[in-house]
Amino acid sequence: QVQIVESGGGLVRPGGSLRLSCAASGSIFSIYVMGWYRQAPGKQRELVATITSGGTTHYADSVKGRFTISRDNAKSTVYLQMNSLKPEDTAVYYCTSNLDYWGKGTLVTVSS
């Protein structure tokens, strides 16, 4: 069993930055593919970024060049650095471990 807890969401102005954190516990964190997904109001959940155990990353086209996913296996934590935020980035952001375990999400609101 893996427990996932996200943090770091909040209200930010367009063009601003936020860093989300995802702490995982209960299993061998280093072997899992970790990912961030998001769900905006009235929309389906969508992929934001993933990172493999070896550090290979993948991004949705909509966030390439603005978001960076990273992981610290010693701390069993994955991060999402979000820069140049846009109103359309407003969503609940979810962290997942291997798509098997999900956190409850953290709300990011981009608004002036």
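So, here's what we can say about the structure. What you see is a predicted model; the values in this text were computed from it and never measured.

We now examine the state of the cysteines. Following the criterion strictly, the structure yields one disulfide and no others. With a sulfur-sulfur separation of 2.0 Å, Cys 22 is cross-linked through a disulfide to Cys 95. Taking the torsion about the S-S bond as the criterion, the Cys 22 to Cys 95 disulfide, at about -75°, is left-handed. Here Cys 22, found in strand β3 (residues 18-25), pairs with Cys 95, found in strand β9 (residues 91-97); they are 73 residues apart in sequence, far enough to count as distant.

A full pass over the atoms with the stated rule returns four salt bridges. The closest approach of N and O atoms between Arg 38 and Asp 89, which form a salt bridge, is 2.9 Å. Of the two residues, Arg 38 sits in strand β4 (residues 34-39) while Asp 89 sits in the loop between β8 (77-82) and β9, which places them 51 residues apart along the sequence. There is no split in this pair, since Arg 38 and Asp 89 are both buried. A salt bridge links Asp 61 to Lys 64, with the shortest nitrogen-to-oxygen separation between them at 3.2 Å. For Asp 61, a relative accessible area of 66% corresponds to the exposed category. What emerges from the salt-bridge pattern is a single network uniting Arg 38, Glu 46, Arg 66 and Asp 89.

What counts as what
- Residues numbered from 1 in each chain as written.
- Predicted model: local features only at pLDDT ≥ 70, side-chain atom pairs only at ≥ 80, totals over all residues.
- Heavy atoms only, no water.
- Disulfide = S-S within 2.5 Å.
- Helix = DSSP H or I, 4+ residues; strand = E, 2+ residues; numbered from the N terminus.
- Salt bridge = Lys/Arg side-chain N within 4 Å of Asp/Glu carboxyl O.
- Buried < 20%, exposed > 50% of the residue type's maximum accessible area, 1.4 Å probe, protein only.

That's the geometry; what it means functionally is another story.
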